[in-house]
Amino acid sequence: MRFFEDIAIGQRREVGSFTFTADAIKKFAAQFDPQRFHLDEEEGRKSLFGGLAASGWHVGSVCMKLMVADGQRQAKEAAARGEKVAIWGPSPGFRELRWSKPVLAGDTIRFASEVVSMRTSEKRPEWGILQARNFGTNQRDELVYSLLATAFVPRRTS
Amino acid sequence: MTLSFEDFPPGRFATFGPRRVTREEVLAFAAEYDPQPMHLDEEAASRSMLKGLSASGWHLCSIMMRMMFDGFIGRTASLGSPGVNELRWLAPLRPGDDLTLDVEVAEARVSKSRPETGIVTFKCSVRNAAGQQLSEWVSPIIVHRRDPMTGQAG
């Protein structure tokens, strides 16, 4: 992962894609969100979603999964170059999460992240606070997911 | 009976829980969706800002969803949610915590585009057994209005 100083407002990264199979949708839903339209094809078709739809929390969790994997790839590359590796801190939360279209069984969602704002932490000077808009787009280039996330990112000076 | 839009007037709705979160489920969720050292590795976690092993924030969100489902969404004529206005992770969820969920209706209004439905905006808060607030969020859910002919939801 990158240090605060290596990041600039407007930077965009593609973090990877994920295909939501019917099995994966039902498995997540059975555990965390067993609403009928997340568990059964016929119920999904009869719902506003028009098909077996992934839980929104499944979509958010998969976005996190791909963000972490992308960060770990970057960390590996930095380590291979002999550079110090940045370990990101936790997130205090997010705003404006939109499940703008359903993610249906078989859909492949590409996720990307774009840096929106950056500031240094007053209370913790070794950390920067980054805001990024994360997006998910389906195979028809329709936006299905977005949120404005905040995270603590370590500064190189620390 | 299925709950419909009319069953969610603004104000306090209900409290649900407690729900125990085990170490095994914290590690399993983190391994699949959020394999950062602070969620997986005791030693690395103790050196992190959160000073000890903590669950992924997305795990907490998913557990809160399940608590809402078990509490009332499972018997509500819910059509899904368009999103979350704001969600804050205020304190870490630790393995072994017992979660309690407080649910309030912040706003309830009839949908203009789909007048047979209403939009209920929930404000939810989750705390541990010590009473420490771990997260709060505000999210609208689309709910069927009661059918004036039958009195049933949707």
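Sequence order sets the numbering: in each chain, residues are counted from 1 along the sequence as written. Chains carry letters from A onward and ligands carry numbers from 1 onward, assigned in written order. Per-residue local features are limited, in this predicted model, to residues with pLDDT of at least 70; the limit for side-chain atom pairs, both in listing and counting, is 80 or more; totals at the level of whole chains, interfaces and linings are taken over all residues.

Two residues form a contact once the distance between their C-beta atoms, set from the backbone, is within 7 Å. Between chain A and chain B, the contact holds 25 residues from the first and 26 residues from the second. Every helix listed is a DSSP run of H or I at least four residues long, and every strand listed is a run of E at least two residues long, numbered separately from the N terminus. Elements with a contribution of two residues or more to the side of chain A that touches chain B: helix H3 (56-80) and strand E2 (93-98) of chain A. The element that contributes the greatest number of residues to the side of chain A that touches chain B is H3(A), accounting for seven residues. Taken together, the residues that form the side of chain A that touches chain B break down as 13 nonpolar, eight polar and four charged. In this classification, the charged set is Asp, Glu, Lys and Arg, the nonpolar set is Ala, Val, Leu, Ile, Met, Phe, Trp, Tyr, Cys and Pro, and all remaining amino acids, among them Gly, are polar.

Caution applies to low-pLDDT regions: their predicted coordinates should not be interpreted in detail. Confidence scores here are pLDDT values: one per residue, from the predictor, ranging 0 to 100. Here chain B averages 95 in pLDDT, and 98% of its residues register 70 or above. Here the prediction assigns the complex a pTM of 0.95, and the interface score ipTM is 0.94.

Next up on the list: the nonpolar core. Ranked by size, the top nonpolar core spans 74 residues in total, and within it A:Cys63, A:Val103, B:Met64 and B:Leu101 carry the most contacts. Once residues lying within four places of it in the same chain are set aside, the contact partners of A:Cys63 are A:Phe111, A:Asn134, A:Gly136 and A:Tyr145. Put simply, a nonpolar core is a cluster of buried Ala, Val, Leu, Ile, Met, Phe, Trp, Tyr and Cys residues tied together by C-beta atoms within 7 Å. Every C-beta atom is placed from the backbone, and the number of other C-beta atoms within 10 Å of a residue's own sets its class: buried at 20 or more, exposed at 12 or fewer, partly exposed in between.

Residues and elements named next belong to chain A. Here the rule is simple: two strands pair whenever DSSP picks up at least two bridges between them. Sheet topology places strand E3 (residues 108-120) next to strand E4 (residues 127-137); 10 bridges connect them, and they run antiparallel. What sits directly across from Phe 111, in E4, is Gly 136. The antiparallel hairpin formed by E3 and E4 contains six residues in its connecting segment. In the sheet, E4 pairs with strand E5 (residues 143-154) via 11 bridges, with the strands oriented antiparallel. Each bridged residue has a counterpart across the sheet, and for Ile 129 the counterpart in E5 is Phe 152. From the end of E4 to the start of E5, which pair antiparallel, there are five residues, and Asp 141 there has a positive phi angle of about 65°.

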